[in-house]
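Observations on chain architecture
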Number of protein chains: 4
Amino acid sequence: MPHAALTQTSYGKSRIRLVRVTRHGDPSTSSGSSRATSRGDRHELRDFTVAIAFEGSYDTSYTEGDNRDVLPTDTMKNTVYALAAREGVGEPEGFGLLLGRHFIERNPKLTRVNVDLIDHLWGGITVGDREHGRAFVRRGPDTRTARVVTDRDGAAITAGIAGLVIMKTAHSAFEGYPRDEFTTLPETNDRLFATSMTATWTYTDGEIEFASTFRTVRQTLLEAFAEHDSLSVQHTLYAMGQSVLDSIDVVQSISLEMPNRHHLPIDLTRLGLENRNEVFVATDEPHGLIKATLSR
Amino acid sequence: MPHAALTQTSYGKSRIRLVRVTRHGDPSTSSGSSRATSRGDRHELRDFTVAIAFEGSYDTSYTEGDNRDVLPTDTMKNTVYALAAREGVGEPEGFGLLLGRHFIERNPKLTRVNVDLIDHLWGGITVGDREHGRAFVRRGPDTRTARVVTDRDGAAITAGIAGLVIMKTAHSAFEGYPRDEFTTLPETNDRLFATSMTATWTYTDGEIEFASTFRTVRQTLLEAFAEHDSLSVQHTLYAMGQSVLDSIDVVQSISLEMPNRHHLPIDLTRLGLENRNEVFVATDEPHGLIKATLSR
Amino acid sequence: MPHAALTQTSYGKSRIRLVRVTRHGDPSTSSGSSRATSRGDRHELRDFTVAIAFEGSYDTSYTEGDNRDVLPTDTMKNTVYALAAREGVGEPEGFGLLLGRHFIERNPKLTRVNVDLIDHLWGGITVGDREHGRAFVRRGPDTRTARVVTDRDGAAITAGIAGLVIMKTAHSAFEGYPRDEFTTLPETNDRLFATSMTATWTYTDGEIEFASTFRTVRQTLLEAFAEHDSLSVQHTLYAMGQSVLDSIDVVQSISLEMPNRHHLPIDLTRLGLENRNEVFVATDEPHGLIKATLSR
Amino acid sequence: MPHAALTQTSYGKSRIRLVRVTRHGDPSTSSGSSRATSRGDRHELRDFTVAIAFEGSYDTSYTEGDNRDVLPTDTMKNTVYALAAREGVGEPEGFGLLLGRHFIERNPKLTRVNVDLIDHLWGGITVGDREHGRAFVRRGPDTRTARVVTDRDGAAITAGIAGLVIMKTAHSAFEGYPRDEFTTLPETNDRLFATSMTATWTYTDGEIEFASTFRTVRQTLLEAFAEHDSLSVQHTLYAMGQSVLDSIDVVQSISLEMPNRHHLPIDLTRLGLENRNEVFVATDEPHGLIKATLSR
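Keep in mind that what you see is a predicted model, and the values were worked out from it rather than measured. Throughout this description, residue numbers start from 1 for each chain and increase along the sequence as written. Chains carry letters from A onward and ligands carry numbers from 1 onward, assigned in written order. With pLDDT at 70 or above as the cut-off, local features in this predicted model cover only qualifying residues; side-chain atom pairs require 80 or more to be listed or tallied, and sums for whole chains, interfaces and linings still use all residues.

1. Description of unusual backbone geometry
At the junction of Glu285(C) and Pro286(C), the peptide bond is cis and its omega measures out at -5° in the coordinates. Strands are runs of DSSP state E lasting at least 2 residues, helices are runs of H or I lasting at least 4, and numbering of each runs from the N terminus. With respect to the helices, strands and loops of the structure, Pro286(C) is situated in the loop between strand E11 (279-282) and strand E12 (287-295). With omega at 5°, the peptide bond leading from Gly140(D) into Pro141(D) counts as cis. The topology assignment puts Pro141(D) in the loop between strand E5 (130-138) and strand E6 (143-151).

This is the structure in C-alpha cells:
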C-alpha cells in the first residue's frame, strides 16, 4: 500500500499560561509587615496565554514515528518559562519575536514557527487616590493579541484586539437592501448596533512602539465606531478600519471581524403597549458575521 | 400505585435578556444627520439578564397536568419586557421589586417569587475628552447582581458582585498548617494570590441608595484585598467582609466566595535558572474554594 | 471594632481531575509489540472530577489567620490520588465514602465533609465484533454524579445524572393556562419537548448496587419520558420521578430539574409556505426551568 | 484622503439553529391519546447549526453603505427555514448543496458562498426492546460536520467529524526526541494517549453515499486509533489518516487535528506509595496540538 502524501503539517503547544511579575522600587522602603518579603513597592504584572506551532521537515515523524528531530512540545513550554525568567517578557510582540528567534536558530528542520499570544489585561487597584502598586484587577472582556511568524528570512508581526464588546444606540440604519420572497426584515433607520469586535493589523517597516500604538488603535476604533453615521455593519466596519489607516501611519493593513449581535425591538403592541425603540431582546444566536481586510 | 409526595417545587423562566435604552436631552439639538431619528443627546443603557422562579400551590400541575393556575413562563418573559417599557428599569434591585410585586399580586397560588438579575456593565465611549453619549463599551469581566425574593409579607433584597478577578503580588502567605503523610505543599510567605470573587450582601431596614452603595462595597472590597497582610485566603476573605461591615452601615451581612486560582512558581532549577518568585503558571483546575458569611 | 459573626463557612478543593486505569487479564498473553509494557488485555478506565468541601470549627483561620487546623486543600487533592492508587476507585459513591471517612477520622475540627463526584463516561472501542479492551471513546453529553456527605454519625449518599439531553416529537401539549394582558403564547397540543435533564436521588437504607441501579434509573427516566402523554413539563417531570419511585424500591426520593429548551415553530406563512409542525428553531435563551422533588 | 483598498471581504449569518422533524408511518395506527395529533409512528429528527458566508463584489456596501446588492443575513436565515420546509433536509452535505445553489443562482454579485453545517447527533430512545420512534436522546460529545463551497463552476464538499474524544491506555510511547537545556520530559514507552479529534475529508468525483461513508470513516478512525502501536501523536494521526485512504476509495484527502490532552502520572513516591502507571491527572491546559493533511 503506497504511503499517502503529507501536504501540510504542524505541531506545537497551545494554551501555555504564563504570569510574570517584575518588582520595581527600593526594597528597603517596602511597606508591610516583616513577614512579607516581596521586594519593591511597585510591581508590574504580565499575564499571557501563549501558543507555539512548528512547521518544517518533520514528515518522518508522521510516517515512521522517527522522533529524532521532534522538539517535544513540553520543551516548547519550558522554553517559554525559561526565556520569561531570563529575559523578562515586555510587550507580547517582543516576547513573540524572542521565542521565534530562539526556536528557528536551534531547530534545523524548522521552516516556520508561529507564536500566538493573548495578553490578559490588568489594571492597578487604587486605594484612596493612589495606585496600590501590588494589587490588580482584571480589565476586560477584551484582550490584546499578537502573532509573530518567524522563518529563516525574518519575522512578521500581527497585533490585535479580541472581544471588544461595543454598542451604539443611535445613528445606525439598514435600508435599501434587495427583497425576495423570503425577506421579512423591516427596514430601519434607527436600530441598536452591538458587536464583539476582533481586529488584527500589520505594521509598515521600521521601529514600532507596540504598547502606545495598541492603545491608539483601540481608541481610534472606539471613536470611529461612536461617531459613524452607520448605513450597515459593513459600512461602519470599513469606516473604523479607514480611520486607523488614516491616522496611524505605521499600520499597513487591518482586518476586522464584527459579529452582529442583534438587539431586536420587542413587539409590545400585542401587550397593549408602545415600544418607542426603547426595549430590546439581546441575542447572540443567530448572528450576522461581517469581515474585511483594508490595506494601504 | 400511590402518588409520590411533592416535597419541593419551583418553575419559571431563566436567561431573559433585556436591554433598555433611555434617551435624555433636547431632541432638537441632537447631533447627526437627518437620517438618524434617535431622540436626545445622552442615552442611558441598561443590560440585564433576568430569571424568575415561582413557588406555590402548584402540585396539581405536576400530578394531574392541570394548568389552570400555571402562568406560562412565556408570559413571565413578556411581563419583564412590558414593565421595562411602561415603568423603565432603573437599578436591578428596584426592577426586581417591581416584578416581584406584580407577580405576587396577580397569582393567588403563588407563595414566593424569586427574581434574579445580572446587570451587565457598560461604560460610555469617550471621544476626545467628552463622553459621546450614544456609544458604549462593555466593562467586565465582573457583573453586578441582585436577588429579590417576594412573598405575601414583603420582599428581601440581596445585592452582589460576580466574577471580580483580582490578584495581589505581595503580602500573601500560607504557613503553619498541619502536615500528614500526603502533604507535599511547601510553606510560603510570599505567594501570588488570585481569585474570581463573588460577593452577595443583605441590607438593614430602611432606604438604601442601591447604585452608590454597590460602588462603595466594590471599592471597599478592592481596597481591603489590596491592603491586607494575608495569612491565608480565609484570612483575607474575612478581612474583606469585615471591612464592608465596618464601613458601610446599611449592610447587614455579606457572603463571599473566593476560588483560589493557584499561580504556581515554575521550578527553573532543572532548566539551569533561578526563579526569584517572578515566573508562574496560572491554573484554574484544580482550585481551592473558600466561602463564608459574616453578619453583624 | 467588634468582630463580625461568622454564620457559615466552608473550604476545600474543586475540580480535582482523576483518571484511574486498572489492567486485567494475563499479561503474558498481552498482544502488541515488545515495546508496549502495559500489563493485561482488558483495561478498566474511570475518569472522575472530584470536589471536596470541609465544614467545621475553623473560625480562627478566618478571624486570626490561624492555620493550625487547616488541612491544606493541596493535601486534599493529594489524598484523592493516594487513595485512588492504594484502594482503587470503583463506583463514585464508594470512592466518595472512602474519602469522607478518611477526612472525618483524621481532622478533629471537621464537622462535615462534602464529596462531589462527576463520573465522565467512556465506552470501549470495538474492532470488528469484539471490544478492543485498551481503547475508549467518550460517551456523553450526560455524566453520572454522586454526592457523599459524611459527618460524625455516618454518611448520606445522593446519586445522579447530569446533562441528559432528550427530546420528544409527539404527545406533548400545553393548554388551559391562565391568560392576562401580557399573554401571547398560543395553546398547542402538539409541540416539541426538549430538555437537558438533571436528576439526583437518595437511597433507602441497606445495601445498594450503585452501578446497576444507576443504569436502571437512567433507563426508567428515558422510558417514562418517551411514553408519557405530556400536558406540561411539570406533568412529565412528575411522571418520570413517579416511575422511578414505582419501579425501583431502593430509591427514597428523587429531584429533577428540567430546563425547557424551547423549539419554536417557524412562521412560514410570511414566506409563502406552510409549516406542518416540521420546522423549528432550537433556542436555549430564554428557557423555562422546572424543578421538583418527589419522596415516598 | 484616499480610500483604503479592500483586499478581502465576507459577510453572512452564523449559528442558524434548525430542527426538522419528518413523520413516517400510517397516521391511523398512531398510538397515544386522542389529544396527540402528530402524524405517524416513526419520526425522523435532524438538528443542524448552519452558517452561511457570502464572498463577492460587495465593496460599495463597505465604502459607500450601498445596500442595493446586500441580501440581508436575516433573509439568509429565512431561506434556511424555507428550503428545509419545502425540500426537507436529508444529509448535511445535500442540504448545503441545496442552499449553495439557491444563493448562487439568485445573487448576481455573489462569487462564492460557504455553507458550514454541524449535525447534532441523536439516537432513538428504546422502550423494552424496540425503538420508541418519537423520543430521542442526544449522542455526543462528537458531532458530524459538512462544508459546502459553491461558486459559478460548481461545488466542493468537505465532510467531517468534530470533538471525538478518545483514549488509549496501552501501546503509546514517546521516546528518542532531541534534548536541550530546557528538556525535562521523561521518555516513556507506556503513556496514556487522549485527544479530542477533529477530522475533515474531501471526496473524489462521483456519487457519494454521505451517511454510510461518514459512519465508515468514523469507525475506521476509531479502529486505527485502537490498534496502532503509537510512537507519537504524529505517528498515530498519520496511521489513522492512512487507514481511511487505504480502505475508503471515495476519500481524496483527509485532515486531522489532534490536541494532546496530557494525562500526567501522579508522583506518588512523595506520598509513600508507588504509581504503577495507574493514577493520572487529566489536563487540557496546556495541550500539544498536532495537525496534518494526507492526500492520495
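2. Re the relation of the copies chain D and chain A
A least-squares fit on C-alpha atoms brings the copies together, and the residues used are those whose pLDDT is at least 70 in both copies. Here chain D sits on chain A after a turn of 180° about the axis and a move of 0.0 Å along it, with an RMSD of 0.0 Å. The relationship between the two copies is best expressed as a two-fold rotation axis. It is the C-beta atoms, placed from the backbone, that decide contacts: two residues are in contact if theirs lie within 7 Å. Take the interface residues of chain D: 100% of them recur as interface residues in chain A, which is what a same-surface contact looks like.

3. Some remarks on the domain arrangement of chain A
Residues and elements named next belong to chain A. Assigned domains within chain A: domain 1 (11-24 + 40-152) and domain 2 (164-295). In this assembly, six residues from domain 1 lie in contact with five residues from domain 2. Polar here means any residue other than Ala, Val, Leu, Ile, Met, Phe, Trp, Tyr, Cys and Pro, which are nonpolar, and Asp, Glu, Lys and Arg, which are charged; Gly is therefore polar. Of the residues contributing to the side of domain 1 that touches domain 2, the split by class is one nonpolar, one polar and four charged. Where each domain begins and ends is defined by an automated method or by a domain database.

4. Some details on the nonpolar core
Counting 316 residues, the largest nonpolar core has Leu237(A), Val80(B), Leu237(B), Val80(C), Leu237(C) and Leu237(D) as its most contacted members. Setting aside anything within four residues of it in sequence, one finds Val80(B) in contact with Ile16(B), Leu18(B), Val50(B) and Leu99(B). To form a nonpolar core, buried Ala, Val, Leu, Ile, Met, Phe, Trp, Tyr and Cys residues must be joined through C-beta atoms within 7 Å. Counts of 20 or more other C-beta atoms within 10 Å of a residue's own C-beta define buried residues, counts of 12 or fewer define exposed ones, and intermediate counts define partly exposed ones; C-beta atoms are placed from the backbone.

5. Looking at the interface of chain D and chain A
Facing 66 residues of chain D, the contacting portion of chain A comprises 66 residues. Ranked by the residues each element gives to the side of chain D that touches chain A, the list is headed by strand E1 (residues 5-24) of chain D, at 13 residues. Broken down by class, the residue content of the side of chain D that touches chain A amounts to 25 nonpolar, 27 polar and 14 charged. A pair of strands is labelled paired if DSSP reports no fewer than 2 bridges between them. Relative to E1(D), strand E12 (residues 287-295) of chain A runs antiparallel, the two sharing nine bridges. Pairing of Thr293(A) across the sheet is with Gln8(D), part of E1(D).

6. Things to note about the pairing of strand E1 (residues 5-24) of chain B
Summarising the sheet, strand E11 (residues 279-282) of chain A and E1(B) pair through two bridges and their orientation is antiparallel. Bridging across to E1(B), Val279(A) finds its partner in Arg20(B). Where E1(B) meets strand E2 (residues 42-56) of chain B, twelve bridges bridge the pair, whose relative direction is antiparallel. Bridge pairing links Ile16(B) to Val50(B) in E2(B).

7. Some details on the relation of the copies chain C and chain B
Relative to chain B, chain C is turned by 180° and slid 0.0 Å along the rotation axis, the superposed coordinates differing by an RMSD of 0.0 Å. Both copies present the same face, since 98% of the interface residues in chain C are matched by interface residues at the equivalent positions in chain B.

8. A few points about the interface of chain C and chain B
The interface is formed by 66 residues belonging to chain C together with 65 residues belonging to chain B. The set of elements that each furnish at least two residues to the side of chain C that touches chain B consists of strand E1 (5-24), helix H1 (59-63), helix H2 (73-87), helix H5 (233-247) and E12 of chain C. The element that contributes the greatest number of residues to the side of chain C that touches chain B is E1(C), accounting for 13 residues. Here the residues of the side of chain C that touches chain B are counted per class, giving 25 nonpolar, 27 polar and 14 charged.

9. Digging into the environment of Asn189(A)
Residues and elements named next belong to chain A. Within the secondary structure, Asn189 is located in the loop between strand E7 (154-168) and strand E8 (193-203). You can call Asn189 partly exposed: it has 16 C-beta atoms within 10 Å. On a C-alpha basis, the gap between Asn189 and Glu55 in space is 49 Å, while along the polypeptide they are 134 residues apart.

10. Things to note about the packing of helix H2 (residues 73-87) of chain D against helix H3 (residues 92-106) of chain D
Residues and elements named next belong to chain D. All axes here are fitted lines through C-alpha atoms, helices being fitted over the stretch that makes contact, and every angle between N-to-C directions spans 0 to 180 degrees. Contact pair H2 / H3: the axes reach a minimum separation of 11 Å and the direction vectors enclose 120°. If you check the angle between H2 and H3, you find them oblique. For the pair H2 and H3, the crossing hand works out as right-handed. Note on element contacts: H3 touches H2 through Leu98, Leu99 and His102, opposite Thr79, Val80, Leu83 and Glu87. Across the contact of H2 with H3, the residue classes break down as four nonpolar, two polar and one charged. Small angles under 35 degrees read as roughly parallel and large ones over 145 as roughly antiparallel, with 65 to 115 read as roughly perpendicular and the rest as oblique. Whether a crossing is left-handed or right-handed is set by the direction in which the near helix is turned from the far one by less than a right angle, anticlockwise for left-handed and clockwise for right-handed.

11. Let's talk about the packing of helix H4 (residues 210-227) of chain A against helix H5 (residues 233-247) of chain A
Residues and elements named next belong to chain A. Two elements in contact, H4 and H5, have axes separated by 9 Å at closest approach and are oriented at 135°. With respect to each other, H4 and H5 are oriented oblique. H4 and H5 meet at a crossing whose hand is right-handed. Contact residues: Val217, Thr220, Leu221, Ala224 and Phe225 in H4; Thr236, Ala239, Met240, Ser243, Val244 and Ser247 in H5. Counted by class, the contact of H4 with H5 contains seven nonpolar, four polar and no charged residues.

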